[in-house]
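# Reading the structure
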Amino acid sequence: MSKLVKQTEEQLKEIIISAVNSAAAKGELPEAELPQFIIEKPSDKKNGDFSTNIAMAGARVYRKAPKMIADSIVSNLDLSGTLFERAEVAGPGFINFYLSKEYYSNIVKDVIDCGSEYGRSDYGKGKKVIVEFVSANPTGPMHIGNARGGAIGDCLASVLDAAGYEVWREFYVNDAGNQIEKFGVSLEVRYLQACGQDVEMPEDAYHGADITAHAEAFKAEFGDKYVNASSEERKKALVDFALPKNIAGLENDLKQYRIVYDNWFRESTVHNDGSVKKVVEELKARGVTYEQDGALWFKASEFGNDKDIVIIRSNGLPTYIVPDIAYHYNKLVTRGFDKAIDVLGADHHGYVPRMKAALTALGIDADRLDVVIMQMVRLVRDGETIKLSKRSGKAITLNTLLEEIPIDAARFFFNLREPNSHFDFDLELAAKQSSENPVYYVQYAHARICSILRKAEESGAALTEPTVEELNLLSSDEERELISHLSALTDEIVSAAKQYDPAKLTHYVVELATLFHKFYNAQRVMCEDEGLMKARLYLCTAVKNTIKNILEMLKIEAPEKM
């Protein structure tokens, strides 16, 4: 919450405690230990701006009916010099408090004074958090799932940064293991075919056009030099040639999508620096492994997993999870991040308890690893699910998606639902320039305010800071509802950070745009009362700044004209 909102809640708590003490001093309430009570914002504004349950919470302590306790507290309230103008007892004993005009005036001033910092807080206390997301297989292009994961992971990192964490974005490059072996085999076959050799592509290899293109580019550079080389030498040369191009392609595609990582961490690192071997030896030393059928097993079932797992196969090679364990050890121990957050696809449900079991067995607090499970997304056009790209006949990639819809729409739409919900991505709606399109609706609100402010300046209206008395004129229902929503931004960012749900920000900003349009349609900004006009222009500026802050956090443009 903003400093002002926090101070207001703290002030209200002091007001309540002071009233209880005053009632006790007069003998209206017995001397007793103050009961634990809550202060909350009622969902219905008819029940005030804040409400407390202290009368119900104190019924046993004070041995009185909650209604009597509430009446006594209210009669002893001193609201002079506070941000509250009145209080009343409701229902069985709730006490509802109503904010003063000064509170709303101060919120608008707070938004303007904080500028681009409005909404930020120190909630995270500078704790170091690493967010790993996308980490697409470098053997091919990025698909729609990666597009959703990119938008969610990048916006989550921004949310955490705004909530006061020190955030690091990372891409984990799977440049070792089975998929690279398969990549090498696929390139080898296409290269040999390009050199006129009669070899057949294995069914489980990669059959994409990108493999053929790499093989032909390799032949153009090296000719038939590797036709008579050993298979291992040939595959290594092909992978060394093609893989860096694929990784550079991923990096460029993600930059186009406005995602820039702090680090691209290669899986080969934990193989080459001995980390994989070290993790296995550490598990052995801790007595949590055993041998069976020539393989080495980890007693994962003793640490919360449903069954034990093989970590070294009978051929002496580690299973895929071992380098992943070494990578997480690197994040949490070697590099010392306080928290590691992985954004993973829905097919990773079983992966999470296995990884947490391994961390626990290694003496690491598994709660330091959090995993955001992301459900699949369906592309929809005319109510029909699209599975193939019309242009290529292949599954739609991030690139083909961005050829059809704006980047702003992609990033916003992928954050319209919380990550663990299934999502239908309506391509027609995302490309539409109308109020039905949520990102257009928000951007239009920003552009509309810019237009209002430009016209006001052109007409000679003063865009100077209004006095408190002038700001106090913002008293209509629409104005107060709008200001109240502005006051909730910091709280909303903290909530999004706690729940790892950037969708809270898209919902917030759509609601802000809605409340602004409601205010604009009900109240004339350029009115005859100069003081009220100055206050309304100031409120418009506060809304514009807040929309811009949120869109910049989501890496979405805030246009001044549309």
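Refer to the structure presented above.
Since we're looking at a predicted model, the values are computed, not measured.

Moving on, we get to the packing of aromatic side chains. Overall, the coordinates contain 26 aromatic pairs when judged by the stated rule. Ring geometry for F265 against Y327: centres 4.9 Å apart, planes inclined by 40°, an arrangement best described as tilted. With F265 in strand β7 (residues 263–266) and Y327 in helix α12 (residues 321–334), this residue pair connects regions lying 62 residues apart in the sequence. For the pair F265 and Y327, one class covers both residues: buried. Consider the rings of F516 and F519, whose centres lie 5.9 Å apart with planes at 55°: the pair is tilted.

This brings us to the pattern of salt bridges. Pairing between side chains of opposite charge can happen when the charged atoms of each approach one another. If you walk through the whole model with that rule in mind, you get 29 salt bridges. One salt bridge connects D370 with K339, and the closest N-O pair in it is separated by 3.1 Å. Of this pair, D370 sits in strand β12 (residues 369–374) while K339 sits in strand β11 (residues 339–345), placing them 31 residues apart in sequence. Through salt bridges with shared partners, one network takes in D154, R169, R411 and K555.

This part covers the packing of helix α20 (residues 489–499) against helix α21 (residues 503–522). Relative to each other, α20 and α21 sit at 155°, their axes nearing to 8 Å. Of the possible angle classes, the one that applies to α20 and α21 is roughly antiparallel. For the pair formed by α20 and α21, the contact residues are L489, E492, I493, S495, A496 and Q499 on the first element and K504, L505 and Y508 on the second. Partitioned by chemical class, the residues of the contact of α20 with α21 number five nonpolar, two polar and two charged.

Here we have three strands laid out as an open sheet, ordered β14-β13-β15, and mixed in their pairing. Looking at strand neighbours, the two that pair on one side only are β14 (384–386) and β15 (423–426), the edges of this open sheet. Averaged over neighbouring strand pairs, the angle between their axes works out to 45° when direction is ignored. Alignment of strand β13 (residues 377–381) against β15, held across four bridges, turns out to be parallel.

Rules used throughout
- Residues numbered from 1 in each chain as written.
- Predicted model: local features only at pLDDT ≥ 70, side-chain atom pairs only at ≥ 80, totals over all residues.
- Heavy atoms only, no water.
- Phe/Tyr/Trp six-rings, centres within 6.5 Å; stacked < 30°, edge-to-face > 60°.
- Helix = DSSP H or I, 4+ residues; strand = E, 2+ residues; numbered from the N terminus.
- Buried < 20%, exposed > 50% of the residue type's maximum accessible area, 1.4 Å probe, protein only.
- Salt bridge = Lys/Arg side-chain N within 4 Å of Asp/Glu carboxyl O.
- Axes fitted to C-alpha atoms, helices over the stretch in contact; angles between N-to-C directions.
- Parallel < 35°, antiparallel > 145°, perpendicular 65-115°, else oblique.
- Contact = heavy atoms within 4.5 Å.
- Nonpolar A, V, L, I, M, F, W, Y, C, P; charged D, E, K, R; others polar.
- Pairing = 2+ DSSP bridges.

Read these as spatial facts, not as claims about activity.
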